[in-house]
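Chain by chain, the residues run as shown.
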Amino acid sequence: RKSTMSTAAPESTLEQTAREAQALSCISSYAWGNAFCSLIPLPIFDLVALTGVQLAMVGKLAKIYDVPFQKDAVKSIIISLIGSLSSMTLATGVVLSVMKFIPVIGVQAAVVTLPAVAGATTYAVGKIFIMHFEAGGNVLDFNADAMKVYFQQYYQEGLKAGKK
């Protein structure tokens, strides 16, 4: 008697895998985009641009996962997640951005570190939202406090990936 079981993955699994691959590609694009945004020579503007790019990325991820996007809710989530990083990490980002006021030396110092921080935070935000959307969540039921440990892990992973 022949088995009727198929060795092919169920269609929903294939769709999920394709969707996740599309989402990971989205994160990569936006993380690199934010790394380049951090090179904008205007102090503090780079930090504003960082959040804007992350909002756009989450909007695209929401579209990929067919989840309603609510800009204000996502902005609050992103701020909460980034706020979970150590105060030293946050202060470094702000100080390096402000250092762009110092001709040559300040810009050089910012160019060395800010792209890595910008790329890593964007990567971590994206990975957290993929995790949440893959689990069937949406923007309104996102629990930022519960995700902060994962966010910090993905941030470190993003830093390592940026060094490669």
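Preceding this section is the structure that the text describes.
Only a predicted model underlies this, so the values are computations on that prediction, with no experimental measurement involved.

**Considerations on the overall build of the chain**
Thinking step 1. Scanning the chain from terminus to terminus reveals 6 helices and 0 strands.
Thinking step 2. Moving toward the C terminus, one meets the helices and strands of the chain in the order α-α-α-α-α-α.
Thinking step 3. The contacts of the chain with a sequence gap of at least 6 include a subset with a gap of at least 24, amounting to 72%.
Thinking step 4. As displayed, the chain has an accessible area near 9,500 Å², and 63% of this comes from carbon and sulfur atoms.

**Things to note about the nonpolar core**
Thinking step 1. In this structure, L61, L81, F129, F133, F142 and F151 are the most contacted members of the largest nonpolar core, which totals 35 residues.
Thinking step 2. For this core, the secondary-structure elements that each account for two or more residues are α1 (11-37), α2 (45-64), α3 (71-83), α5 (105-134) and α6 (144-163).
Thinking step 3. The element that contributes the greatest number of residues to this core is α5, accounting for 9 residues.
Thinking step 4. Among residues more than four places away in sequence, those in contact with F129 are V58, L61, V74, I77 and F142.

**Regarding the pattern of salt bridges**
Here the idea is simple: oppositely charged side chains can pair when their charged atoms come close.
Thinking step 1. Under the criterion given, the structure shown has 2 salt bridges.
Thinking step 2. Salt-bridge contacts for R19 lead to E134; the nearest nitrogen and oxygen are separated by 4.0 Å. With a gap of 115 residues between them, R19 in helix α1 and E134 in helix α5 connect regions that are remote in the sequence.
Thinking step 3. Classification of R19 as partly exposed rests on a relative accessible area of 28%.
Thinking step 4. Residue K148 is joined to D145 by a salt bridge in which the shortest nitrogen-to-oxygen separation is 3.1 Å. With K148 and D145 both in helix α6, this residue pair falls 3 residues apart, about one helical turn.
Thinking step 5. Given a relative accessible area of 57%, D145 falls into the exposed group.

What counts, and at which threshold
Residues numbered from 1 in each chain as written. Predicted model: local features only at pLDDT ≥ 70, side-chain atom pairs only at ≥ 80, totals over all residues. Heavy atoms only, no water. Helix = DSSP H or I, 4+ residues; strand = E, 2+ residues; numbered from the N terminus. Contact = heavy atoms within 4.5 Å. Areas by Shrake-Rupley, 256 points an atom, 1.4 Å probe, with all protein chains shown as cover. Core = buried A, V, L, I, M, F, W, Y, C linked by side-chain atoms within 4.5 Å. Buried < 20%, exposed > 50% of the residue type's maximum accessible area, 1.4 Å probe, protein only. Salt bridge = Lys/Arg side-chain N within 4 Å of Asp/Glu carboxyl O.

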